[in-house]
Amino acid sequence: MSDEQKKDGLQPDEGVQPSANADTSAPEPQQKPADNEPESKDKPSEAAEAPKEAAVSETASNEKPGDGEPESAPARPPRPERKAAAATGDAAVENAAPAKAASADEDKEAKAKAAAEARAARASARAKKPDGEAEAAAPKEPSPNQPRLDLWVKLLKEKLGDDIVEEAFINERDAHLPYIVIQNERWVDAAKQLRDHQDFKMNYLRNVSGIDQETHMEVAYHMLSLETKQEICIKIKTNREAPSIPSVTPVWPTANWNEREIYDLLGIDFPGHPDLRRIMMSDDWVGHPLRKDYEPLDPEV
């Protein structure tokens, strides 16, 4: 038993040997009562709050006007200066679009000026020719179908009189197709000659079209010779107030429904037609839809 044990009056435990690793030089400190624990917790918190208050006060002192910010943080420009910089950037963007538009306008003006100068140069070159001489235009070559047209006109005049043909020409845009305008009242007689004469033999009426020319109405008859493969177009004119053209359905039966359609949509009458009535619009339809002066009763129809 040690001297300290003797003083405290403690008896060593029987059968318990001290551990070889145990530190027997100093007794284990005794724990304080539980009532004192809050005091031990409050003291460290008070000690921790003291440095925090010191740091806050130091930060507040650094933010005073004139002292400046710490060296570690870059200085930000004042708010008015930032707004001015942003406004300058926006103005630069807004000014960029007008600048591009102005550049495009300048390019257009330059091109137009160059074109005008080129035209002026050409005009000046033509004016400088002696005695106003111009280049001789190449003579226009006659149409390959002109001899045929002249022959047909001659035959019609010989058979039906000089007044039978009102006009004759070659339509170069339509593959040099011969056109003959026949007098309205003599149309049936001319149609029979075109069908039966050996120099015509137009035995196939391929198409009939009505046209509103605003000043007058006209019908175009496109016909073909199945034997000679030659084509011709005959036009018959009529007035707008009471349009009427003799029917050639008895001469070419294919004219039947074509004339009915023209009557239905343009209002041209065909005296001599065996069954002239509307073919597309209803019988009670008011007006003729393909006339240029047509005014529908219902605008939505």
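Residues numbered from 1 in each chain as written. Predicted model: local features only at pLDDT ≥ 70, side-chain atom pairs only at ≥ 80, totals over all residues. Heavy atoms only, no water.

- You'll find the protein entered in an unreviewed UniProt entry as NADH-quinone oxidoreductase subunit C, with Paenibacillus vulneris given as the organism.
- Under the UniProt heading Subunit (unreviewed entry), the entry covering the protein gives this text: "NDH-1 is composed of 14 different subunits. Subunits NuoB, C, D, E, F, and G constitute the peripheral sector of the complex."
- Looking at the Subcellular location (unreviewed entry) heading of the UniProt record, one finds this comment for the protein: "Cell membrane". (UniProt positions renumbered as here; feature names shortened; annotations may be inferred.)

1. Some words on helix H6 (residues 255-266)
- The end-to-end C-alpha distance of H6, which contains 12 residues, comes to 16 Å, matching closely the 16 Å that a straight helix rising 1.5 Å per residue would cover.
- When we look at burial in H6, the residues that qualify are Ala-255, Glu-259, Arg-260, Ile-262, Asp-264, Leu-265 and Leu-266.
- One or two residues past the end of H6 sits Gly-267, with phi positive at roughly 80°. (Helix = DSSP H or I, 4+ residues; strand = E, 2+ residues; numbered from the N terminus. Expected span 1.5 Å × (residues − 1). Buried < 20%, exposed > 50% of the residue type's maximum accessible area, 1.4 Å probe, protein only.)

2. As for unusual backbone geometry
- The phi torsion at His-176 lies on the positive side, around 55°, for a residue other than glycine.
- For His-176, the location among the structural elements is in the loop between strand E1 (165-171) and strand E2 (177-182).
- Taking the relative accessible area as the measure of exposure, His-176 reaches 26% and is therefore partly exposed.
- Here the phi dihedral of Lys-201 falls at roughly 55°; this positive angle occurs in a residue that is not glycine.
- Along the polypeptide, Lys-201 turns up in the loop between helix H5 (187-196) and strand E3 (204-212).

3. So, the sheet that holds E2
- Across the sheet, which stays open at both edges, the 5 strands sit in the order E1-E2-E5-E4-E3 with mixed pairing between neighbours. Two strands lie at the open edges of the sheet, namely E1 and E3, each paired on one side alone. This sheet shows a mean twist of 20° between the axes of neighbouring strands, independent of strand direction.
- By the bridge criterion, 8 bridges tie E3 to strand E4 (residues 217-224) in an arrangement that is antiparallel. Along E4, the bridge assignment pairs Asp-212 with Met-217. (Pairing = 2+ DSSP bridges. Axes fitted to C-alpha atoms, helices over the stretch in contact; angles between N-to-C directions.)

4. A closer look at the packing of helix H4 (residues 146-160) against H5
- Running from N to C, H4 and H5 cross one another at 125°; their axes reach a closest spacing of 11 Å. Here H5 runs oblique to H4, going by the angle between their axes. Judged by the twist between their axes, the crossing of H4 over H5 is right-handed. Contacts between H4 and H5 involve Leu-156, Lys-159 and Leu-160 from the former and Asp-189, Ala-190 and Gln-193 from the latter.
- Residues of the contact of H4 with H5, tallied by class, amount to 3 nonpolar, 1 polar and 2 charged. (Parallel < 35°, antiparallel > 145°, perpendicular 65-115°, else oblique. Left-handed = near helix turned anticlockwise from the far one by under 90°. Contact = heavy atoms within 4.5 Å. Nonpolar A, V, L, I, M, F, W, Y, C, P; charged D, E, K, R; others polar.)

5. Brief notes about a nonpolar patch on the surface
- A grouping of Trp-257, Ile-279 and Met-280 is seen on the molecular surface, where their side chains present a nonpolar patch of about 340 Å² in accessible area.
- A relative accessible area of 58% places Trp-257 in the exposed class. (Patch = residues over 30% accessible without salt bridge, like charges linked within 9 Å, V, L, I, M, F, W, Y side chains within 5 Å. Areas by Shrake-Rupley, 256 points an atom, 1.4 Å probe, with all protein chains shown as cover. Salt bridge = Lys/Arg side-chain N within 4 Å of Asp/Glu carboxyl O.)

6. As for the packing of aromatic side chains
- Throughout the structure, instances matching the rule amount to 4 aromatic pairs.
- Taking 5.7 Å as the distance between ring centres and 35° as the angle between the ring planes, the aromatic pair formed by Trp-152 and Phe-200 counts as tilted. In this pair, Trp-152 sits in helix H4 while Phe-200 sits in the loop between H5 and E3, placing the two residues 48 residues apart along the sequence. The residues Trp-152 and Phe-200 share a single accessibility class, namely buried.
- When the centroid spacing of 5.2 Å and the interplanar angle of 20° are considered together, the rings of Phe-169 and Tyr-179 count as stacked. Highlighted residues: Phe-169 in strand E1 and Tyr-179 in strand E2, separated in sequence by 10 residues. (Phe/Tyr/Trp six-rings, centres within 6.5 Å; stacked < 30°, edge-to-face > 60°.)

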